[in-house]
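Observations on the model geometry
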Amino acid sequence: MINLIEVFIESVLSRNIALIFILGMCPLIAISTNVKNAKGMGLAVIFVVFLTAVINYPIYLLLEATGTERLSILVFIITIATTVQFLEIFIEKVSPRMYNNFGLFLPLITVNCVVLAVSQFFVNRSYNFAETATFSLGAGIGWALAIILIAAIREKMENHSTVPRGLAGRGIVFIIMGILSLAFIGFTGLSFF
Amino acid sequence: MRKFWIKIQYTKWFNITKDGLFKENPIVVAVLGICSALAVTNRVENAIAMGLAVTFVVTASSLVVSMVRKVIPARVRMITYMVIISAFVIMVQMFLEAYFPVIAAALGAYLGLIVTNCIVMGRAEAFAVKNPMKYTFFDGIANSLGYTWILIAVAIIREALAFGTILNFRVMPETWVNWTVMALAPGGFFVLGLIIWGVREWAQNFEVAAE
């Protein structure tokens, strides 16, 4: 249990998937222009990352049993695309209001590297099922945290600062992310027990 | 010679190449494919390997997409691209693991993540589905070289500052104190941010119009 809590804290803070492992940058930069969209995207990512990791874990065991783990990327990406498609249809039918809030972001998630990366990391780090579930939840929350932080900073910057014109727009996001990333490195070695 | 040069400047080939390398550089102008551009650039050799891997995947997958563009129904095109791209990525992965195990280990999961590199998907969707194979080939090469040269530029700065070396040759004086932060994630963010600033200032290509 303690191990699981450590995996969780680590994946949210000190090994944040967006700011330390630098993954999922394309949507992070494109959608962080306002907090509302960032929240929608963050929620969608948490949901999809958790779901696909939990689905991919037994599939990987199956691949391993048949000696075809080389094909894991191909199989994972198909699982991810299918899950996202199903989720989109499901949410549209069950709750149109929720669909309006973050349904738009779902198709974009297929090409978000975070989703595939989480599925690859549990393979590389040889996690068991409980660890995989915890890690994927933590990674999703960490990514959502990063995008909401960045969006909030960008919103404030709009009104209160003059950015050099060469950096304006997407350039300044890199500087923001650099500083945030320095801050998150500060969490390294954090322990509660 | 001069006439030939002027003539060449008006061909489609030349413009595709120029756009890919400078005017529409995937990293600096379109800001795509950043994940790997930052994550693997703490050593120049990793950057070169990543660049070549992406070059191969982009070129080969765009060619195949262009080849089958008339038979894929629009509804399932995304997933078709995904399958084509991941087949090539698995090839690259197996090749590097067999012949360059050290580099494959350094690139780690990022090698597999070429599948979701937005440049690959972007070129398939924006160019390969609409153009015949001969132009697609040039477009793939130009874009991925545009990606590679930025990767190498970032890696040279980061390796020189973080380890005092370039491709393991010592370039900084012996008294140089390594900037460890440059080898970590923040270094990548800052260097790429500054490079984007520099290139935009030089090309006078800004996102917001000057008031």
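If you're wondering where the values come from, they're calculated on a predicted model, not measured in any experiment.

Each helix and strand in chain B was counted, giving 11 helices and two strands. Computed over its C-alpha atoms, the radius of gyration of chain B comes to 19 Å, within 12% of the 17 Å expected for a compact globule of 211 residues. The principal-axis extents of the C-alpha atoms in chain B amount to approximately 60 × 45 × 40 Å. For chain B, the share of sequence-separated contacts (at least 6 apart) that also reach a separation of at least 24 residues comes to 75%.

The next thing to look at is the confidence of the model for chain B. Residues and elements named next belong to chain B. Put simply, chain B has an average pLDDT of 83, and 97% of its residues get 70 or more. Of all the helices and strands in chain B, helix α1 (residues 2-8) carries the lowest mean pLDDT, 78, while helix α4 (residues 44-67) carries the highest, 90. Predicted as a complex, the structure gets a pTM of 0.86 and an ipTM equal to 0.85.

Moving on, we get to the interface of chain A and chain B. In this complex, chain A contributes 39 residues to the contact, which on the side of chain B involves 39 residues. Elements supplying a minimum of two residues to the side of chain A that touches chain B: α2 (25-31), α4 (72-94), α7 (113-124) and α9 (171-185) of chain A. At eight residues, α9 of chain A tops the list of elements feeding residues into the side of chain A that touches chain B. Class assignment of the residues belonging to the side of chain A that touches chain B gives a composition of 26 nonpolar, 10 polar and three charged.

This part is about helix α11 (residues 185-203) of chain B. With 19 residues, α11 of chain B extends 27 Å between its outermost C-alpha atoms, agreeing within 8% with the 27 Å of an ideal straight helix rising 1.5 Å per residue. Those residues of α11 of chain B that fall on the buried side of the exposure criterion are Ala185, Pro186, Gly187, Gly188, Phe189, Phe190, Val191, Leu192, Gly193, Ile196, Trp197 and Arg200 of chain B. Packed against the buried residues of α11 of chain B are α9 of chain A together with α3 (34-39), α9 (133-163) and α10 (180-183) of chain B. Phi turns positive one or two residues past the end of α11 of chain B, at Gln204 of chain B, with a value near 50°.

What follows covers the nonpolar core. Judged by nonpolar contacts, the single largest core of 113 residues is most densely connected at Val45, Val49 and Val114 of chain A together with Val57 of chain B. Of the residues forming this core, the biggest block, 11 residues, is contributed by helix α8 (residues 129-160) of chain A.

A separate point is unusual backbone geometry. Residues and elements named next belong to chain A. Phi is positive for Ile22, close to 50°, though the residue is something other than glycine. Using a count of 25 C-beta atoms within 10 Å as the deciding quantity, one classes Ile22 as buried. The residue Ser126 is not glycine, and still its phi comes out positive at about 40°. Looking at the secondary structure, you find Ser126 in the loop between α7 and α8.

Residue and element names in this part refer to chain A. With respect to the element layout, Phe135 can be found in helix α8. Residue classification places Phe135 among the buried positions, given that 25 C-beta atoms sit within 10 Å. Distance from Phe135 to Phe50, taken between C-alpha atoms, is 8.6 Å for residues 85 residues apart in sequence. Filtering out sequence-adjacent residues up to four positions away, Phe135 remains in contact with Val7, Ser11, Phe122 and Tyr127.

Turning next to the environment of Thr59 of chain B. With respect to the helices and strands, Thr59 of chain B occurs in helix α4. Each C-alpha atom, one on Thr59 of chain B and one on Ile141 of chain B, is 5.8 Å from the other, the two residues being 82 residues apart in sequence.

Turning our attention to the packing of α7 of chain A against α8 of chain A. Residue and element names in this part refer to chain A. As a packed pair, α7 and α8 sit with axes 10 Å apart at the nearest point and diverge in direction by 150°. Judged on the interaxial angle alone, α8 and α7 are roughly antiparallel. Two packed elements cross with a definite hand, and for α7 against α8 that hand is right-handed. Contacts between α7 and α8 involve Val114, Val118 and Phe122 on the former and, on the latter, Thr132, Phe135, Ser136, Ala139 and Trp143.

What follows is about the packing of α8 of chain A against α9 of chain A. All names here are of chain A. Contact pair α8 / α9: the axes reach a minimum separation of 11 Å and the direction vectors enclose 125°. One way to sum up the angle between α8 and α9 is to call them oblique. Where α8 crosses over α9, the two elements pack in a sense that is right-handed. Residue-level inspection shows Leu149, Ile150 and Ile153 of α8 in contact with α9, the latter providing Val173, Ile176, Met177 and Leu180. For the contact of α8 with α9, the class distribution of residues is seven nonpolar, no polar and no charged.

Each value, and the rule that gives it
Throughout this description, residue numbers start from 1 for each chain and increase along the sequence as written. The lettering of chains begins at A and the numbering of ligands begins at 1, in the order of writing. Only residues with pLDDT of at least 70 get local features here, since the model is predicted, and only at 80 or more are side-chain atom pairs given and counted; chain-wide, interface and lining totals rely on the full set of residues. Numbering of helices and strands starts at the N terminus; helices are DSSP runs of H or I of at least 4 residues and strands are runs of E of at least 2. Taken over C-alpha atoms, the radius of gyration is set against a globule rule of 2.2 Å times the number of residues to the power 0.38. Think of it this way: build a C-beta for each residue from its backbone, and any pair within 7 Å is a contact. Per residue, pLDDT measures the predictor's confidence, with a range of 0 to 100. Gly falls in the polar group here, along with every residue not listed as nonpolar (Ala, Val, Leu, Ile, Met, Phe, Trp, Tyr, Cys, Pro) or charged (Asp, Glu, Lys, Arg). In a helix, the anticipated span is given by 1.5 Å times the number of residues less one. Exposure is read from a count of other C-beta atoms within 10 Å of each residue's own; the residue is exposed at 12 or fewer, buried at 20 or more and partly exposed in between. C-beta atoms are placed from the backbone. Note on terminology: a nonpolar core is a set of buried residues of type Ala, Val, Leu, Ile, Met, Phe, Trp, Tyr or Cys, with members joined through C-beta atoms within 7 Å. Orientation is described by lines fitted to C-alpha atoms, with helices fitted over the stretch in contact, and by angles between N-to-C directions that extend from 0 to 180 degrees. Any angle that falls under 35 degrees is termed roughly parallel, while one over 145 is termed roughly antiparallel, one within 65 to 115 roughly perpendicular, and all others oblique. Should the near helix be turned anticlockwise from the far one by less than a right angle, the crossing is left-handed, and should it be turned clockwise, the crossing is right-handed.

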